[in-house]
Amino acid sequence: MNIGIDAIAFTTSRYLMPLEELARRRQVDYQKYCIGLGQTEMAVFPPNEDIVTLGIAAAKRAIQFVSDKDSIDLVIFATESSFDVSKSAGIYVHHFLDLSSSCRVFDIKQACYSLTAALQMAKNHVQLYPKARALVIGSDIVHYELDSAAEPTQGGGAVAIVVSANPRIMRIEPFSGLYTTDVMDFWRPVKKDEALVDGKLSTYTYMKSLEICYEQYKQLSGLDSEDLSRVCFHTPFTKMARKANNLFFSEKNIDASLLYNTIIGNSCSASLYIALISLLDNTEEDLSEKRIGLFSYGSGSMAEFFSGTIVAGYRDMLTSDDNKKMLASREHVTWQQYRDFRANKQPVPADDFYTSGDIRLEQIEEDKRIYSIRS
Ligand code: HMG
């Protein structure tokens, strides 16, 4: 049975900080950001946007392609930016999407790897229950310490994927190269809003993980680089993905998959799948029946190399024009707004700032988060 991605959609903030401005303020040569890291803009988030509002916005866009919402009996919300260590962010999504109450809903985490874990679990679920559909969401907002080397690699966004039998976008193949190792390259203790990172160790572990996973993938599948049309990577910053591509796939053009990440920044769990959407949206060549390699990396660390083939007719399932319009219509924030967004933990009154979709965080009362639909 073919199982895989039946629908996929993403969203990000309506606001951005140009890295040229960040470089000027931090007295860093802008070339370091745009050439050295391969980033030109980063998504920044107003206080009324969080992983839930982003997740709902992405999920609403993905489930427009599902004729029978009641067939969704599994929702997995993948995030490392959780504000609650007990209640699942997925419950809010389930509520605002008005999904069937006969549904299994939970959150998972393993840094940026978590959406891949969710995707593979969803695939196994559909294998057992072929009529079922699963909705998996990766939603993250990435904050590092201000004025640190990692600051220009901040960003965020959400991807929602509908997983089903006879998928209309990508069939996921059964071979996975996996690698887990205990390493302190990036972590966020519960008491902190900002991630801590050992940057050099993280880039080293990312590359080492790719080597091990890809070797295992080749052994399990009997496939090699020439069997892959393109490869998409977890993209903490686009230079990282280019270095990874150069390791084994230097003959493959990676540009189309990096267009969105260059102007969004690191969206952690969503990042690999934003790269996939960017590839599908921006590749003129028909990718039908082409095999795409996917490398997922989550610090700490867990990594996976796997692949999928693109289904003929996939273009009918894309929202490419909307994606490009959404990105082009984002507003630049001022330096003061950027700093205020970070300092302000409470939602702002009224519609001072728009969220990515029609849901906004209204208020936090007695530590309860209250969301409302924008009228
Ligand atoms: P840094 O101190 O800015 O590093 O930190 P650098 O001084 O080595 O400079 C970066 C690059 O800019 C270098 O290029 C320089 O040569 C170049 P490279 O040698 O690597 O090719 N450069 C210039 N280029 C042009 N003009 C100039 C110039 N100056 C320098 N004037 C670092 C960079 C990535 C370490 C930092 O930003 C960081 O810590 N970022 C966060 C960690 C990260 O993104 N790690 C990636 C792998 S781990 C991962 O992907 C997981 C993650 O997503 C988390 C999760 O799983 O949840 C992060």
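Analysis parameters
Residues numbered from 1 in each chain as written. Predicted model: local features only at pLDDT ≥ 70, side-chain atom pairs only at ≥ 80, totals over all residues. Heavy atoms only, no water. 1 Å grid on protein atoms, 1.4 Å probe; cavity = no way out; pocket = protein on both sides within 12 Å on 5 of 7 lines; lining within 4 Å. Points joined across faces, edges and corners; volume = space filled by probe spheres on them. Helix = DSSP H or I, 4+ residues; strand = E, 2+ residues; numbered from the N terminus. Nonpolar A, V, L, I, M, F, W, Y, C, P; charged D, E, K, R; others polar. Near = heavy atom within 4 Å. Polar contact = N/O pair within 3.5 Å; in protein donor to acceptor, adjacent residues only side chain to side chain. Areas by Shrake-Rupley, 256 points an atom, 1.4 Å probe, with all protein chains shown as cover. Sits in = over half its atoms within 2 Å of the grid points. Core = buried A, V, L, I, M, F, W, Y, C linked by side-chain atoms within 4.5 Å. Buried < 20%, exposed > 50% of the residue type's maximum accessible area, 1.4 Å probe, protein only. Contact = heavy atoms within 4.5 Å. Pairing = 2+ DSSP bridges. Axes fitted to C-alpha atoms, helices over the stretch in contact; angles between N-to-C directions. Salt bridge = Lys/Arg side-chain N within 4 Å of Asp/Glu carboxyl O.

1. Describing empty space enclosed by the protein
The final tally for this structure, using the stated rule, is 1 cavity of 30 Å³ or more. Empty space within the largest cavity amounts to approximately 30 Å³. Lining the largest cavity we find I8, A9, I277, D281, L318, T319 and N323. Of all elements in the fold, only β1 (3-11) and α9 (271-282) reach the threshold of two or more residues within the lining of the largest cavity. Residue composition of the lining of the largest cavity, by class: 4 nonpolar, 2 polar and 1 charged.

2. Quick look at the site of the ligand
Around the ligand there are 29 residues in total, and E80, C112, K200, K243 and S299 lie nearest to it. Residue H234 places a side-chain N or O atom 2.8 Å away from an oxygen atom belonging to the ligand. Relative to its unbound accessible surface of 1,100 Å², the ligand loses 75% to contact with the protein. At a threshold of 2 Å from the grid points, most atoms of the ligand map onto the second largest pocket.

3. Here we look at the nonpolar core
Among the nonpolar cores identified, the biggest contains 83 residues, and L135, V159 and I161 are the most heavily contacted of them. When near neighbours in sequence (up to four residues on either side) are disregarded, V159 contacts I8, A9, F10, A58, L115, V136, I137, G138, A270, Y273, I274 and I277. Of all hydrophobic cores here, the second largest spans 36 residues; its members include M42, M207, F249 and F305.

4. Focus on unusual backbone geometry
Put simply, G300 and S301 share a cis peptide bond, and its omega is 5°. Turning to its location among the elements, S301 is positioned in the loop between β13 (291-298) and β14 (302-310). A positive phi angle, close to 65°, is found at D147, a residue other than glycine. Considering the arrangement of structural elements, one finds D147 in the loop between β6 (133-142) and β7 (155-165). Backbone geometry places E366, a non-glycine residue, at a positive phi of 50°. Secondary-structure assignment places E366 in the loop between β16 (359-365) and β17 (368-373). Classification of E366 by relative accessible area gives exposed; the value is 71%.

5. Some words on the sheet that holds strand β3 (residues 41-44)
In spatial order, the strands read β3-β2-β15; together these 3 strands make up an open sheet with mixed pairing. Lying at the two open borders of the sheet, with one neighbouring strand each, are β3 and β15 (331-332). The pairing of strand β2 (residues 15-18) with β15 spans 2 bridges and is classified as parallel. Paired with L16 across the strands is H332, a residue of β15. Each of β2 and β3 touches helix α1 (residues 19-26); the most contacted strand, β2, lies at about 50° to it.

6. Overview of helix α8 (residues 255-264)
Of all 10 residues in α8, 8 are buried; the element is thus mostly enclosed. For α8, the complete set of buried residues consists of A256, S257, L258, Y260, N261, T262, I263 and I264. Positioned one or two residues after α8, G265 has a phi angle of 95°, which is positive.

7. Things to note about the pattern of salt bridges
A full pass over the atoms with the stated rule returns 18 salt bridges. Where E21 meets R24, a salt bridge forms, and the shortest distance between an N and an O atom there is 2.8 Å. Here R24 and E21 lie together in helix α1, a separation of 3 residues that amounts to about one turn. In this structure R24 comes out as exposed when scored by relative accessible area, which is 55%.

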